[in-house]
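The chain contents come next:
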Amino acid sequence: QMLISSIDYNDFVGRIGIGRITRGTLNVNDQVIVCDYHDPSVSYRSKIVTLYQIEGLQRVPAQTATVGDIVCISGIEKLSIGQTICAPDVPEPLEFVKISAPTVEMTFSVNNSPFAGKEGKFLTSRHLRDRLFKETLKDVSLHVYETESTEAFRVAGRGEMHLSILIETMRREGYEFQVSTPQVLFQQENGKTLEPMEQLVVDVPDFATGSVMEKMGVRKAELVHMQPIGNRTRIEFLIPSRGLFGYRSEFMTDTKGEGVLNTVFDSYRPYMGEIPTRTVGSLVAFESGTAMAYGLFNAQERGTLFIDAGVPVYEGMVVGVSPKAGDINVNVCKKKHLTNTRASGSDDALRLIPYKRMSLEESLEFINDDELVEVTPKTIRIRKKILDNDLRAKEDAKRKKQNA
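Residues numbered from 1 in each chain as written. Predicted model: local features only at pLDDT ≥ 70, side-chain atom pairs only at ≥ 80, totals over all residues. Heavy atoms only, no water.

Undergrad: I'm lost on the packing of aromatic side chains in this one. Help?
TA: Enumeration over the complete set of coordinates arrives at seven aromatic pairs. With centroids separated by 5.5 Å and ring planes inclined at 10°, the aromatic side chains of Phe108 and Phe177 adopt a geometry described as stacked. One end of the pair, Phe108, is in strand β11 (residues 104-110); the other, Phe177, is in strand β14 (residues 177-179), with 69 residues separating them in the sequence. Relative accessible area serves as the criterion here: at 0%, Phe177 is assigned to the buried category. Here Tyr247 and Phe251 contribute two aromatic rings whose centre-to-centre distance is 5.8 Å and whose plane-to-plane angle is 50°, an arrangement assigned as tilted. Of this pair, Tyr247 and Phe251 both sit in helix α4 (residues 247-254), separated by four residues, roughly a single helical turn. Residue Tyr247 shares its accessibility class with Phe251, and that shared class is buried. (Phe/Tyr/Trp six-rings, centres within 6.5 Å; stacked < 30°, edge-to-face > 60°. Helix = DSSP H or I, 4+ residues; strand = E, 2+ residues; numbered from the N terminus. Buried < 20%, exposed > 50% of the residue type's maximum accessible area, 1.4 Å probe, protein only.)

Next comes the structure, spelled out in structure tokens:
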């Protein structure tokens, strides 16, 4: 009797099940039966093709293993986490925590920015498709769906962090692609719209309790429990999953980096109503070129910049954040014209405020519905879906007219 607690994948042997033997002895070429505690319909015979013992960080081939051994097995194609390998004459599945369905999805698409193909090794939709579907072989809580476009795929996971780990892994492997803003997955039941709820537990310093409670109220969170622990407070909330989008960075700012935040999926509940989205706008590059100190000096008066001088930019790329609602086009490539009264050395006197370097998680939290995160092995950029300034302005005008 052996519970599969992890899954790996290998191009040579296929799916590999990893687990600890709790009863009996397992040998290569043994006939076994696969069963599932939560799904009685899963019950089929198979055969152990290869068996590996784990020694240190290595997997060592073995012929037999017994109670207490943590082993890797292959030869069972549809094996999944939570299933039990049993002797054919004693099919007794072990209890396992049921794997929750995905609650958040993002769209992964081929990079089509002006800088596409300059830094990545894997660029095409075939590369992207193969890599995403390969990930589902060893990550059972990740779902990938085709879309109407051959260049975009819907990827559903257990939360922003789950998907951001996949994005970072692919980036380091040399993939280049772009991702959309996260969206929660709603369910319909008896004509009602249900949304995923998260159990949120925060440990915060006493000085930050008020601001955290205020932010939670705006995001439709319900207070469940509150307990003082020394000069800190532990607060438990029930909050819609979409209420957590973009909150982690705000939380760390409000708690001056001392807060601890943990979430776990709770249940699906009736839709809680509208939650205010991002209230700030973006500073958008007006033209393609290289960011100059003179252009950045003028742009930094409008908001906080994400780039430094000398960075290549393209039209429609987001180069900063404006404290006011609404996007502002800025010309960060602007140079100072040299005349008799303007010396080139005077640019050295321009003082640039240190820019904010955006991490992958911060970029995913920041983007609006009309923006994308461009991910390459070397760079993370934020861009508008529509890069052309005139086309974007027409689209905005059309949308405002429809809403009116």
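From this point, the narrative continues.
Undergrad: Explanation requested: the environment of Ser149 in the structure shown.
TA: Looking at the element boundaries, Ser149 is found in the loop between β12 (143-146) and β13 (152-157). Note on Ser149: relative accessible area 36%, which makes it partly exposed. On a C-alpha basis, the gap between Ser149 and Ser109 in space is 9.2 Å, while along the polypeptide they are 40 residues apart. A distance of 3.1 Å separates a polar atom in the side chain of Ser149 from the backbone nitrogen of Glu151. (Polar contact = N/O pair within 3.5 Å; in protein donor to acceptor, adjacent residues only side chain to side chain.)

Undergrad: Would you explain the sheet that holds strand β5 (residues 43-47) in this entry?
TA: Either a parallel or an antiparallel arrangement is found when strands of a sheet pair, and the pairing is made through backbone hydrogen bonds. The antiparallel open sheet is built from eight strands, whose spatial order is β5-β4-β10-β1-β2-β9-β6-β7. With one partner strand each, in any of the chains shown, β5 and β7 (58-61) form the two edges of the open sheet. This sheet shows a mean twist of 40° between the axes of neighbouring strands, independent of strand direction. By the bridge criterion, eight bridges tie strand β1 (residues 2-10) to strand β2 (residues 14-21) in an arrangement that is antiparallel. The partner of Ser6 across the bridge, within β2, is Ile18. The sheet contacts of helix α1 (residues 125-138) involve β1 and β2, and relative to β1 the element is tilted by about 160°. (Pairing = 2+ DSSP bridges. Axes fitted to C-alpha atoms, helices over the stretch in contact; angles between N-to-C directions. Contact = heavy atoms within 4.5 Å.)

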